[in-house]
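As a plain string of letters, each chain reads:
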Amino acid sequence: IPELNAIVQLRRQSQEDFVLNVETCGLQDFGMIMLKFYEYKELLEQAGVDVSALHHCVKEHLDRQPPHPGYHSSTATLAGSRSLTDQLFHSSLEMALRQLQNDGYVILDTELKTTSEQTERLQQYFQLKNNQHQSDTVRTDKVQFLDGSQAQQCGLEHSFNALMGIASVLNKHLDFRPSPHTPLAPASRECPLTNPNTIQMAEYGKGDFYIAHSD
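The structure contained in this document is the topic of the report that follows.

What counts and how
- Residues numbered from 1 in each chain as written.
- Predicted model: local features only at pLDDT ≥ 70, side-chain atom pairs only at ≥ 80, totals over all residues.
- Heavy atoms only, no water.
- Helix = DSSP H or I, 4+ residues; strand = E, 2+ residues; numbered from the N terminus.
- Contact = heavy atoms within 4.5 Å.
- Areas by Shrake-Rupley, 256 points an atom, 1.4 Å probe, with all protein chains shown as cover.
- Lys, Arg positive; Asp, Glu negative; His and termini not counted.
- Charge placed at Lys NZ, Arg CZ, Asp CG, Glu CD.
- Phe/Tyr/Trp six-rings, centres within 6.5 Å; stacked < 30°, edge-to-face > 60°.
- Lys NZ or Arg CZ within 6 Å of the ring centre and 35° of its normal.
- Salt bridge = Lys/Arg side-chain N within 4 Å of Asp/Glu carboxyl O.
- Buried < 20%, exposed > 50% of the residue type's maximum accessible area, 1.4 Å probe, protein only.
- Pairing = 2+ DSSP bridges.
- Axes fitted to C-alpha atoms, helices over the stretch in contact; angles between N-to-C directions.
- Parallel < 35°, antiparallel > 145°, perpendicular 65-115°, else oblique.
- Nonpolar A, V, L, I, M, F, W, Y, C, P; charged D, E, K, R; others polar.
- Arc of directions from axis to C-beta.

## Thoughts on the overall build of the protein chain
(1) Moving on: On a plain count of helices and strands, the protein chain comes out with nine helices and seven strands.
(2) Moving on: Dimensions along the principal axes, computed over C-alpha positions, put the protein chain at roughly 70 × 45 × 30 Å.
(3) Moving on: Long-range pairs, those at least 24 residues apart, make up 59% of the contacts in the protein chain between residues at least 6 apart in sequence.
(4) Moving on: For the protein chain, the exposed surface amounts to about 15000 Å²; the carbon and sulfur share of it is 52%.
(5) Moving on: Once the 17 positive and 27 negative side-chain charges of the protein chain are each reduced to a mean point, those two points are 3 Å apart.

Spelled out as structure tokens, the structure:
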């Protein structure tokens, strides 16, 4: 692999055993190689390779990666919009902020609804979320993360823009507690909240559930 300045060899040692040999690369590069192997694990399994240890290697590699610092809240389409504040907080912003600071959370009862047509378009993106070592006794919902273009294809650009605008409202109005930590750019002490580039959509059919949990 010239880009990593590494030599990778997968050699059959016996009928059932394979030896993976990686030379001249560091831990980070080794993790990237494992990640690439993981992308093709089905082909490796078909060839008789035991890939049971691969998941652990990939998890350790991903856990070592620093979090993405996000994007500045001012880049959101509706950042600073008065209509956004009215839509999300129904002119009771002060009450919502007080509840957020006292309870640690606030429920925004908005008019962001999906039509049957939008829901139908979402089906191409939804996937059952009960395959993360969780049985259907834990959750039966469907979830997916959508970027701006995918949200637009589903007719949900308004919902996307509204959700992305929340950070700008909180940066402007919420009284953040002092922190000894220095924010990672593009965040700052004045605007500590940033945006991801996707929103999470979840679908619950009749009888679907997700047990109480904390992320």
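Once the structure has been displayed, the description carries forward.
## Comments concerning the packing of aromatic side chains
(1) Moving on: Taken as a whole, this structure holds zero aromatic pairs when the rule is applied.
(2) Moving on: For Arg139, the ring lying beneath its charged end belongs to Tyr210, and the centroid distance is 3.9 Å.

## Things to note about the side chain of Asn161
(1) Moving on: Turning to its location among the elements, Asn161 is positioned in helix H8 (residues 157-164).
(2) Moving on: Ignoring sequence-local partners within four residues, the contact set of Asn161 consists of Thr77 and Leu78.

## Overview of the pattern of salt bridges
(1) Moving on: Scanning all chains against the criterion turns up six salt bridges.
(2) Moving on: Asp141 serves as the salt-bridge partner of Arg139, at 2.9 Å between the closest nitrogen and oxygen.
(3) Moving on: Assessed through its relative accessible area of 6%, Arg139 is described here as buried.
(4) Moving on: Classification of Asp141 as buried rests on a relative accessible area of 1%.

## A word on unusual backbone geometry
(1) Moving on: With an omega of 15°, the peptide bond running from Ala185 to Pro186 counts as cis.
(2) Moving on: Relative to the helices and strands, Pro186 is located in the loop between helix H9 (166-173) and strand S6 (194-195).

## With respect to the pairing of strand S1 (residues 7-12)
(1) Moving on: Examined bridge by bridge, S1 and strand S2 (residues 18-23) share six bridges and lie antiparallel to one another. Bridging from a neighbouring strand, Gln9 pairs with Asn21 of S2.
(2) Moving on: Taking the residues that link successive antiparallel strands as the turn, the S1-S2 hairpin has five residues.

## A closer look at the packing of helix H5 (residues 93-103) against H9
(1) Moving on: Where H5 meets H9, the closest approach of the two axes is 12 Å, and the angle between their N-to-C directions is 85°. Judged on the interaxial angle alone, H9 and H5 are roughly perpendicular. Side by side, H5 and H9 meet where Leu93, Leu97 and Leu100 of the first sit next to Val169, Leu170 and His173 of the second.
(2) Moving on: Counted by class, the contact of H5 with H9 contains five nonpolar, one polar and no charged residues.

## Brief notes about the environment of Glu120
(1) Moving on: Inspection of the secondary structure assignment puts Glu120 in helix H6 (residues 116-122).
(2) Moving on: For the pair Glu120 and Gln153, spaced 33 residues apart in sequence, the C-alpha separation works out to 11 Å.

## Considering the side chain of Gln87
(1) Moving on: Within the element layout of this structure, Gln87 appears in helix H4 (residues 82-89).
(2) Moving on: Not counting residues within four places of it along the chain, the set of residues in contact with Gln87 comprises Thr110, Leu112, His158 and Ala162.

## Notes on the environment of Leu108
(1) Moving on: With respect to the secondary-structure elements, Leu108 resides in the loop between H5 and H6.
(2) Moving on: Overall, the relative accessible area of 27% leaves Leu108 in the partly exposed class.
(3) Moving on: Placed 54 residues apart in sequence, Leu108 and Ala162 show a C-alpha to C-alpha distance of 12 Å.
(4) Moving on: Among all residues touching Leu108, those that are not within four sequence positions of it are Leu88, Phe89 and Ile166.

## A few points about H5
(1) Moving on: Buried within H5 are the following residues: Leu93, Ala96, Leu97 and Leu100. All buried residues of H5 fall inside an arc of 100° around its axis, so they share one side. Opposite the buried face of H5, by more than 90 degrees, sit the exposed residues Glu94, Met95 and Asn102.
(2) Moving on: Close packing links the buried residues of H5 with H4 and H9.

Worth remembering: the numbers are spatial, not functional.
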